[in-house]
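Letter by letter, the chains look like this.
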Amino acid sequence: MLQGQIPIDEYKTGNTKHTWNLKKLRFAHRVLFDYNYKKQEVQKGYANRTLYIDLSKKEIKEKKVTEEMKNKFTGGRGFGLKLLWDSITSETRWDSVENNLVITTGPLCGITQYPGTGKSLCLTVSPATNIICDCNVGGFVGPYLKFAGFDALEIQGKAKDDVIIFIDGENGKITVEIAPLEETNTHLLTEQLTYMYASEDNDRSRQKVAVVTSGKGAEHSWWGCLNFSFYDIRRKVARVKQAGRGGLGTVFRDKRIKAIVVKVEKVHGLLNNPADPETLVKVGTKLHREIRDLDKYQCNMRAVGTGHLVEIMDAYDLLPCENYRFGSFPKAPKIYSTKFYELFTKIIPDGCWFGCTMACSKTVDGYMVKTGPYKGQKVTVDGPEYETIAACSNMSIWDPLWILEYNFYCDTYGIDTISTGTALAFYMEMYEYGILNKNRCDGLELCFGNAEAVLEFIHKIARGEKGEFINVASKGIRRVKDWLIEKGWGDEKLIEDTGMESKGLEYSEYVTKESLAMQGGYGLTLKGPQHDEAWLIFMDMVNNAIPTFEDKAEALHYFPMWRTWFGLNGLCKLPWNDIEPANNAETDEPTKVPEHVQNYVELFNAVTGKKVDKKELILQSERCYNWQRAMNVWMGRGRRKDDWIPYRSMGPVTEMEYISRKDRYDKQLIEKQGFNKEQIDKMSVKEKMKILYDYRQDQYQKLADAVYYRRGWTPNGVPTPQKMRQLGMDDPRMLKMLQEKIDEDEKAGLNVWGGKYGKGEKPPSIHPRYWEKW
Ligand code: SF4
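Residues numbered from 1 in each chain as written. Predicted model: local features only at pLDDT ≥ 70, side-chain atom pairs only at ≥ 80, totals over all residues. Heavy atoms only, no water.

Novice: How would you sum up the packing of helix α15 (residues 417–432) against helix α18 (residues 477–487)? Please name residues and give values.
Specialist: Interaxial distance between α15 and α18 falls to 10 Å at its minimum, and their mutual angle equals 25°. The angle between α15 and α18 falls in the class roughly parallel. Residue-level inspection shows Thr422, Ala423, Phe426, Tyr427 and Met430 of α15 in contact with α18, the latter providing Ile477, Val480, Lys481 and Leu484. (Axes fitted to C-alpha atoms, helices over the stretch in contact; angles between N-to-C directions. Helix = DSSP H or I, 4+ residues; strand = E, 2+ residues; numbered from the N terminus. Parallel < 35°, antiparallel > 145°, perpendicular 65-115°, else oblique. Contact = heavy atoms within 4.5 Å.)

Below you can see the structure in the form of structure tokens.
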């Protein structure tokens, strides 16, 4: 047992017990429509069919998964993209009736022999960005969906009343049921449904039920998240993981889905019917040993989860504080992982799917709620994870208990801790400058550090209050920027530079000012600034391992492709590089963790029976990555202008920020821009900031040039038909669309490089329309 761990028999959650009249709740259900299907086994990782539900037309059908679909789209996120391409139009918006909410698995999803293999992928048209948002989430739903018989679930249309979609893998039946009496908020609804749909009144039966929910906050904001449950048999609590980004929960509630419930007949490690189970055990055992022996010397995830990053980010000036103005803060040690370790219940395994020895899904049980409708009740708080803690440091909240309160309510109301925190940090900065005030904020005093106001803001959203500020603020930073500018409140440039969104999505929680590659990692992404595509800060800023634009472009090609691969297969990325073999540093490419990449090659082959190598894994991703970018172009948001990022993520916006890191910035003006010390000393802070501003903006444009070229796109960021054909993606409708967009750009004079290339510098290619020569 770990130090401080409590034996299971002695463990009591201490949570407030509820007594539900489940019979009454269930009795009020009315079956709207249903469908019987033939149960069949998963073969080599694929169920070989997907499930389609139209809530408006009351239609349920199965769709076949073809070999061509597997070869081109692999699974998971790839399947989701293909299903969306076939079902929406370029004009589809988040609340269009034809918007399609897709939950997919992947061929490796649901194996239990290797850590991190239970992820679902969720995709839809996002309210925040108006393009496809994809999210990777743990919990039991993805594996259970596959074991119930489907590689993906698509939901189009909208119900008139709140419904529960029940996928009964035990009996081969789907029902869509009106469910009026259950709760809406996650922690209660998940518990009700887990108990209600379990075949028997015991923990083993409850473990075979998995639920997707959202909450009241998702109904009244554009930050809605989806909560995916997993019944924790030790704690006897139905816990949740979040598909947080981009407002998927908002789409879920707009469709009037109260919950999706999936039940399976059995759970064991061979339900995928892998081609070569022995190899799975062999490769898995090796990694389990590594984690057991090395985690405590590396990330210590088994003890503190992803929260271990807080102290590292603080030490390297990367922890977002006060809306990313600073990367460290004197009060930060109050929220280091040691503080949360004291609060976590010390029980393992803490995996969000069977067999995950990384066990990073920590909880605080018996947390006494301080505010809102559940004040005084004791609950289990899932987390907090790094992003949630750092969203709070961004709002200058340094009390672990308020962080738990924030975490709990965001989860149960079904709103994203990241977008909410990043947006509030921006509103707080606007409040500090007087651009917002108590009157303009519907009575809230949104000063940095005011945790009570933060919680009240969240409660107001969940209550559906209609104040002007709440209405716009709950739609995120982009809409608040437009609102402030339209009102004429504050300087437009300051507002644009400090509101941390790109493509309409709020930033996740890293300061990127000193890492150009990471700026690209946020800006040159498909769904918006989320670090799951690339996390290059250490490689770039700390180790200076990718000094040239070409080096950075190579990293911004390889890592997004590699990380995309996890989403195609239903995997968690953490066991790839949050644990490393003891000799990893001695390998040729330690940042890629080559031994673990080879593990994935072996796993893929062992499950699917194919014979691929590591190059083919990247190609699998490249196909889907380019496809998704092409869909962004199709939907009007996939060009250079859409990859722009606010200046706060490139450098200091305010004099205070410059002065706080004056030595660093002065040094760069000397070393990178050829000024001497005397010149620097004579300049005002404003003058120096202007020089830095122009320089860093140009650097970003040059980075975009290099990345577009490396990815095989035009200088305006459009994937070329030639590149698509090379990848074997020859859908005529898509190729025609891309050619038309490229021709439009040509006419508008947009097929040109963005950087200013001076003496001794050159753009990635001097040939216009270079891609036509491929
Ligand atoms: S590493 Fe953590 S998030 Fe990933 S599967 Fe394991 S427990 Fe879940």
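Now that the structure has been shown, the text picks up again.
Novice: Account for the sheet that holds strand β4 (residues 101–104), with residues named and values stated.
Specialist: Spatial ordering of the open sheet is given by β3-β2-β7-β4-β5-β6, a layout of six strands whose pairing is mixed. Every other strand in the sheet has two partners, leaving β3 (59–64) and β6 (132–137) as the edge strands with one partner each. The sheet shows a mean angle of 15° between the axes of neighbouring strands, direction not considered. Sheet analysis places strand β2 (residues 49–54) next to strand β7 (residues 152–156), joined by four bridges and oriented parallel. (Pairing = 2+ DSSP bridges.)

Novice: Residue-level account of the pattern of salt bridges, with values.
Specialist: In total, this model carries 77 salt bridges according to the counting rule given. Linking Glu616 and Arg623 is a salt bridge whose minimum nitrogen-to-oxygen distance equals 3.3 Å. When its relative accessible area of 11% is taken as the criterion, Arg623 is described as buried. The network of salt bridges with shared partners includes Asp232, Arg235, Arg239, Asp350, Lys362, Asp365 and Asp382. (Salt bridge = Lys/Arg side-chain N within 4 Å of Asp/Glu carboxyl O. Buried < 20%, exposed > 50% of the residue type's maximum accessible area, 1.4 Å probe, protein only.)

Novice: Describe the side chain of Ser221, with residues and values.
Specialist: When you line up the elements, Ser221 lands in the loop between α7 (216–219) and β11 (226–232). In contact with Ser221, other than residues within four places in its own chain, are Thr250, Ile415, Ile461 and Ser474.

Novice: Could you give an account of unusual backbone geometry, naming the residues involved and the relevant values?
Specialist: Looking along the chain, the bond that leaves Gly383 and enters Pro384 is cis, with omega of 5°. Summarising the element assignment, Pro384 is placed in the loop between β15 (378–382) and α13 (386–394). In this structure, Glu322 takes a positive phi of about 50° despite not being glycine. Not every positive phi belongs to a glycine, and Asp442 is a case in point at roughly 50°. Here Asp442 lies in the loop between α15 and α16 (451–463).

Novice: How would you summarise the site of the ligand if you had to cite specific residues and measurements?
Specialist: Near the ligand you find Gly116, Lys119, Lys241, Asp350, Gly351, Cys352, Cys356, Met358, Cys360, Ser361, Cys572 and Leu574, and these make up its full shell. Among the residues forming the shell around the ligand, the class breakdown is six nonpolar, three polar and three charged. (Near = heavy atom within 4 Å. Nonpolar A, V, L, I, M, F, W, Y, C, P; charged D, E, K, R; others polar.)

Novice: How would you explain the side chain of Asn227 if you had to name every residue and give the values?
Specialist: Of note, Asn227 is situated in strand β11. Beyond its immediate sequence surroundings of up to four residues, Asn227 is in contact with Thr186, Val211, Val212, Thr213, Ser214, Val240, Lys241, Gln242, Asp411 and Gly414.

Novice: Let's hear about the packing of aromatic side chains: which residues, and what values?
Specialist: What the rule picks out here adds up to 53 aromatic pairs. Ring centres of Tyr374 and Phe408 lie 6.2 Å apart, and the angle between their planes is 80°; this geometry places the pair in the edge-to-face category. Here Phe408 lies in helix α14 (residues 400–413) and Tyr374 lies in the loop between β14 (363–368) and β15, a separation of 34 residues in the sequence. In this structure, Tyr374 and Phe408 share a single accessibility class: buried. (Phe/Tyr/Trp six-rings, centres within 6.5 Å; stacked < 30°, edge-to-face > 60°.)

Novice: Kindly report on the pairing of strand β9 (residues 173–178), identifying the contributing residues and their values.
Specialist: In summary, the side chains of a regular strand alternate between the two faces of the sheet. For β9, the tally of buried residues reaches five of six residues, placing the bulk of the element in the interior. Two strands pair when backbone bridges link them, and strand β8 (residues 163–168) and β9 are joined in this way by six bridges, in the antiparallel orientation. Paired with Ile165 across the bridge in β9 is Val176. The turn linking β8 back onto β9 is made up of four residues, and Gly172 within it adopts a positive phi angle of 65°.

Novice: If you had to explain the pairing of β2 to someone new, which residues and values would you point to?
Specialist: With respect to burial, β2 is a largely interior element, six of its six residues being buried. Burial along β2 is two-sided: Arg49, Leu51 and Ile53 facing one way and Thr50, Tyr52 and Asp54 facing the other are all buried. Where β2 lies against β3, six bridges are found, and the strand directions are antiparallel. Its bridge partner being in β3, Leu51 is matched across the sheet by Glu62.

Everything listed is a geometric property; what it means functionally is a separate question.
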